Amino acid sequence: MNRETAMHDDTTTGGCAAGCASRRAVLAGVAGAAALLAGCQTYGENTAAEPLPEPAPATTGPGNPAPATTGPGPAPGTTGPGATAAAPPAAKPLVEAGKVPVGGGVVLEGERLVVTQPQAGVFKAFSAVCTHQGCIVTSVADGVIECGCHGSRFRAADGSVAGGPANRPLREIRVKSDATGVFRV
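Residues numbered from 1 in each chain as written. Predicted model: local features only at pLDDT ≥ 70, side-chain atom pairs only at ≥ 80, totals over all residues. Heavy atoms only, no water.

Participant: Tell me about the overall build of the protein, residues and numbers included.
Facilitator: Counting its secondary structure elements, the protein contains two helices and eleven strands. Starting at the N terminus, the α and β elements of the protein follow one another as α-α-β-β-β-β-β-β-β-β-β-β-β. For the protein, buried positions account for 22% of its 185 residues. In the protein, 35% of the contacts between residues at least 6 apart in sequence involve partners at least 24 apart. Of the roughly 12900 Å² of accessible surface on the protein, 57% is carried by carbon and sulfur atoms. (Helix = DSSP H or I, 4+ residues; strand = E, 2+ residues; numbered from the N terminus. Buried < 20%, exposed > 50% of the residue type's maximum accessible area, 1.4 Å probe, protein only. Contact = heavy atoms within 4.5 Å. Areas by Shrake-Rupley, 256 points an atom, 1.4 Å probe, with all protein chains shown as cover.)

Participant: Please provide a residue-by-residue account of the pairing of strand S11 (residues 181-184), values included.
Facilitator: Where strand S1 (residues 95-96) meets S11, two bridges bridge the pair, whose relative direction is antiparallel. Looking across to S11, one finds that valine 95 is bridged to valine 182. Note: strand S10 (residues 175-177) against S11, three bridges, orientation antiparallel. Bridging from a neighbouring strand, lysine 176 pairs with phenylalanine 183 of S11. Following S10, the chain reverses through three residues before pairing antiparallel with S11. (Pairing = 2+ DSSP bridges.)

Participant: Just give me the short version of the environment of isoleucine 145, but keep the residues and values in it.
Facilitator: Tracing the backbone through its elements, the reader meets isoleucine 145 in strand S6 (residues 144-146). Of the residues examined, isoleucine 145 reaches a relative accessible area of 0% and is grouped as buried. On a C-alpha basis, the gap between isoleucine 145 and valine 114 in space is 8.4 Å, while along the polypeptide they are 31 residues apart. Non-local contacts of isoleucine 145, meaning those with residues more than four positions away in its chain, are made with Val114, Thr116, Phe126, Val137, Ser139, Val140, Ser152, Arg153, Phe154, Arg155, Ala156 and Leu170.

Participant: I'd like a rundown of the pattern of salt bridges, residues and numbers included.
Facilitator: As enumerated under the stated definition, the model contains two salt bridges in all. With a closest N to O distance of 3.8 Å, glutamate 172 and lysine 124 form a salt bridge. Highlighted residues: glutamate 172 in strand S9 (residues 172-173) and lysine 124 in strand S4 (residues 122-127), separated in sequence by 48 residues. Assessed through its relative accessible area of 45%, glutamate 172 is described here as partly exposed. Given a relative accessible area of 25%, lysine 124 falls into the partly exposed group. Residues glutamate 146 and arginine 153 are paired through a salt bridge, measuring 3.9 Å at the closest nitrogen-oxygen approach. (Salt bridge = Lys/Arg side-chain N within 4 Å of Asp/Glu carboxyl O.)

Participant: Can you break down the environment of histidine 150 residue by residue, with the values?
Facilitator: Inspection of the secondary structure puts histidine 150 in the loop between S6 and strand S7 (153-155). Histidine 150 gets classed as partly exposed once you look at its relative accessible area, which sits at 41%. Apart from residues lying up to four places away in sequence, histidine 150 is in contact with His132, Gln133 and Pro165.

Participant: Explain the sheet that holds S4 to me, using residue names and the numbers behind them.
Facilitator: A sheet is described by the order of its strands in space; here four strands give the open sequence S2-S3-S4-S9, paired in antiparallel fashion. Across the chains shown, the open sheet's two edge strands, defined by having one partner strand only, are strand S2 (105-108) and S9. Here two bridges tie S4 to S9, and the two strands are oriented antiparallel to one another. Considered in S9, the bridge of alanine 125 is made with isoleucine 173.

Participant: So what's going on with the nonpolar core? Residues and values would help.
Facilitator: Considering soluble globular proteins, one finds that nonpolar side chains tend to be buried as a cluster. Ranked by internal contacts, the top residues of the largest apolar core, which has 13 residues, are Val114, Val137, Ile145 and Phe154. If we skip the residues at most four places from it in the chain, valine 114 touches Val106, Val107, Lys124, Ala125, Phe126, Ser127, Ala128, Val137, Val140 and Ile145. The next biggest cluster of nonpolar side chains, apart from the first, holds twelve residues, and it includes Phe123, Ala125, Ile173 and Val175. (Core = buried A, V, L, I, M, F, W, Y, C linked by side-chain atoms within 4.5 Å.)

Now the structure itself:
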């Protein structure tokens, strides 16, 4: 049996002669090279519909005036070169300011946060995850955040432990507020 017949017989029975791995390596190399060349083919081409802007003069002087810095341009909010970006959408408050009682707070289970108002106009936020065993706190009243699982209590002004079994404070979350609501920073 010659070498060609032996290779053919091995591949038809599910085996593979020594030449199989090298053929696969060559085919993989060819495919990789084709992909590389396809990527290089368009390198440096301007694919945008608009022409590239002209470079500014390197120096200014009598023969080279400075480019104008004011003048007509695109209206704000339009698209294209020189257009200004649209204002980002307004952030959604965690909670409306009027829904957080002074001396109390609200538990936002979905966000796993508790927002308090220890004094009029002062808003604080903390993780609603109790530091004892990970339950979500259940209520805020009279300046105290309570966990209904095992009775841990935390101060609404700073999240510190007011009563165990928890021995670590609630993690504070930075917030800001305005007339409309309380927002995460």
